[in-house]
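# Observations on the three-dimensional arrangement
Chain by chain, the residues:
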Amino acid sequence: MQTVTLRAEGAAIVAEVHAVEGARLEAGALILVTELMKMRHELRAERAASVEAVLVEAGDALAGGEPLVRLRWLEEEAAPAKAAPAAPRADLIEFEARMALLADEARPEAVAKRRALGLRTARENLADLFDAGSFTEYGALAVAAMRRTRPLAELQARTPADGIVTGTGTVAGRPVAAMAVDYMVLAGTQGFHHHRKMDRLIEVARRERLPIVLFAEGGGGRPNDGDVAEIMAAWLNVTSFRHFAAHEGPKIGIAAGYCFAGNAALFGVCDVRIATERSFIGMGGPAMIEGGGLGKVAPEAVGPSGVQAKTGVIDLLVKDEAEAVAAARRLLTLSAPSEPGEGDGEALRAVVPTDRTRAYDMRKAVAALADGGEFLEFRRGFGAGMIAGFLRIGGRALGLLANNPLHLGGAIDAEAAAKAARHLQLCDRWGLPMLTLCDTPGFMVGPETEATGQVAHVSRLFLAGAHFSQPLVTVILRKAYGLGAMAMAGGGFDRPAFCCAWPTGEVGAMGLEGAVRLGARERLAAIADEGEREAEFRRLVDELYERGKALNAASLLEFDAVIDPAETRAAILRALAAAGPARPGPRYVDAF
C-alpha cells in the first residue's frame, strides 16, 4: 500500500478539517476545505485510503506547498460500489423549468389557435429557416416590462422573450441574423425589451455584416409597459426603426397574418418583402383607425394581400409561411456558387415572331435563358409592363429586367418604371449583375399617363441606371426605341458591359410609324389618293426599318454586336467574365 502526502496548491486559509487520524476514507470523501477571496475549495480523496496524519488545523494560513495530510492508499478488496446519483441541483432545476416556458409546448392553446388559422409559430419559422442546430438565441429570458403590475411568474409564462425571438445561425452555411415576432405574446405588440432585443441583434448584424430576416406580425407599440411608463411620455425616441432601416446588409421581410403599425413600418423598409396569401398589411390596424375617428373596420379589411400585391408593397406573394421561408432561403443563397444548369437555345430562336407586329410572351424567353427554366419573379401583380426577378445562367445569379410586349406593347408606364428602378437598386445593393431584355416602343405618353407622375417615375429609372455599379448586359430582342430603350440599358447603349441584339432587333429615336407620321406629315398630306398615301407611308416605314434593323444598326456602331439567339447564354457569360466581380453597392433600396 502506497503512502502519499497531499500539499497545498497555493495561498489560502484552512477553513474546515474533516479528516481524522486513523479513519478510513472512501473514494470521493471530503478531507478539508480551504478558502481564498471568499471562494471555498474542497480537497477530496481520489480513492479509498486511511488517514495516517493530519498536519494542519482550521485557521492555519497557507503560502503554498505545505503538507496538509498523509494518506495510505488501500488495496481494493472488491469492485468499488457505484456512486449514488447526485441529488438534483436546485439551480439546474430552476434553469430547466424557466427554459421550458419558452417552448411552444408550454402554450398549447395559443399554438392550437395558430394551427386553426393555418399559421406557424415564430420558433417553427426560425427552425425552418436555419440549418439544423445552428441557431443561437439572444435575449430569450426577457419578459414584458410589467413587473410592477403583474407577477413575475405570470410574465414568464405569458410573455416569453417579450414577444420576439432573435438570434443568429446559418442558412445553407451562410451566417444570417433573424427576428421573429411572436404573435402569441400580447398580439405581437412591441414592448420596451422587445425593442432592446431588436437593437442588440441589429448591432450584431451590423458588426458582423449579416443579412437580417424579419418575420413581421402583430401591431405597434405596447402602451402598458408599466415599468417604464413614468420615464417616458410618448416613447418616440425608439431607435429600432432607424437602426433597422439603416442596416446595410440584405433585409428580407416575411409577413403572415396581421401586420400593422410598427411591424408594417419595419416590414416596409426591407429590401425584399415576402407575404403570404393570408396576410394583411397596413400602417394602422383597426384600433388605430377607430382611435383616429375613421370608424370601425375588420382587420381583414386593412391591406389584404390581393390589394398589396397590386400596390407594389409585396415583392413576392406566396401561399404560406413554408413557401415564404423557402423563398427567403433561395434569396440568401443567390451569392453562393451553384452548379451550371442548362438553357434552351432552340427555344430562344423561336421566341420572337417573324411578323414584327405580333406580340409574344417574354417570359418564355426568360425561361429559355435561365438554368433549368427557373425564374424567381418579383412584383408580378404590379407594373405589368416590366418583368423583374432573379435567375441563374451557367450557375451565376443575375437580376433581370425585361419589357412585356403583352402589356401596352412593351411601353414603359409609371408603375413599370418604378418597378425597374427599385430592382436596379436592389441588385446594386446586393452586388448582383443585371441582365436586361429590351423590347419597348419607349415610354408611355399622353395626358392620362402624365397624371400618374410619369416624368418623376421615368426619372427614377434613369437615376437608378446612372448609379448602378454592377456589371450590366443588355440584349435587344426586337424594339429598342427612344428614351425607353436607353433606360433599359442603364441610361444609354454605351452603358452596358455588352449591348447586343438578336437579328429581329430594330432601333429608332421613336416608333417607326410615329416617326414617319411626324417627319413626313406634310409630304403624306399632299397625296390625295388614300391608297397611294398608305403605300407611301408603308414605304417610308420600311425604309426606316432597313436603316434601324439590327444588322445595319450594328454596322453603324449603335450597339456592340448582333448574336444568334441560341448563343445568348454564352454571350452573357463571356461579357460578365470580362466585366469582373460584382460587389455590393453603397446605396440603399427605395421602399417603392
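This write-up is about the structure you can find in this document.

The rules behind the values
Residues numbered from 1 in each chain as written. Predicted model: local features only at pLDDT ≥ 70, side-chain atom pairs only at ≥ 80, totals over all residues. Heavy atoms only, no water. Helix = DSSP H or I, 4+ residues; strand = E, 2+ residues; numbered from the N terminus. Rg over C-alpha atoms; globule rule 2.2 N^0.38 Å. Buried < 20%, exposed > 50% of the residue type's maximum accessible area, 1.4 Å probe, protein only. Contact = heavy atoms within 4.5 Å. Areas by Shrake-Rupley, 256 points an atom, 1.4 Å probe, with all protein chains shown as cover. Lys, Arg positive; Asp, Glu negative; His and termini not counted. Charge placed at Lys NZ, Arg CZ, Asp CG, Glu CD. Salt bridge = Lys/Arg side-chain N within 4 Å of Asp/Glu carboxyl O. Polar contact = N/O pair within 3.5 Å; in protein donor to acceptor, adjacent residues only side chain to side chain. Arc of directions from axis to C-beta. Pairing = 2+ DSSP bridges.

Now for the overall build of the chain. The helix and strand inventory of the chain stands at 21 helices and 23 strands. Whereas a compact globule of 592 residues would reach a radius of gyration of roughly 25 Å, the chain reaches 35 Å, over 25% beyond that. A principal-axis box enclosing the C-alpha atoms of the chain has dimensions of 135 × 60 × 40 Å. Across the 592 residues of the chain, 48% fall into the buried class. Of the contacts formed within the chain by residues at least 6 apart in sequence, a portion of 72% connects residues at least 24 apart. Per element, the accessible surface of the chain, about 28300 Å² overall, is 56% carbon and sulfur. Each charge sign in the chain was given a centre, from 66 positive and 75 negative side chains, and these centres are 2 Å apart.

Once their charged atoms are close, side chains differing in charge can pair, the charge on each being opposite to the other. All chains considered together, the criterion is met by 32 salt bridges. A salt bridge links E374 to R330, with the nearest nitrogen and oxygen atoms 4.0 Å apart. Of this pair, E374 sits in the loop between helix 12 (362-369) and strand 16 (375-378) while R330 is found in helix 10 (residues 321-332), placing the two residues 44 residues apart along the sequence. When its relative accessible area of 51% is taken as the criterion, E374 is described as exposed. By relative accessible area, R330 is classed as partly exposed at 34%.

Turning to the side chain of T474, a few remarks are in order. Within the element layout of this structure, T474 appears in strand 20 (residues 472-481). One polar contact links T474 to T436, side chain to side chain, over a distance of 2.8 Å. Dropping the residues within four chain positions of it, T474 is found in contact with T436, C438, M488, A489, P496, F498, C499 and C500.

For helix 3 (residues 122-129), the full list of buried residues reads A122, N125, L126 and L129. Buried residues of helix 3, seen end-on, are gathered within an arc of 95° and therefore sit on one face of the element. In the core, the buried residues of helix 3 are packed alongside strand 10 (164-171), strand 11 (174-181), strand 12 (212-218) and helix 10.

The sheet built from four strands is open, its strands ordered 1-8-6-3 with antiparallel pairing. Each having just a single partner strand, strand 1 (3-7) and strand 3 (24-25) make up the two edges of the open sheet. Across five bridges, strand 1 lies against strand 8 (residues 67-73) in antiparallel orientation. Residue pairing for strand 8: R7 is matched across the bridge by P67.

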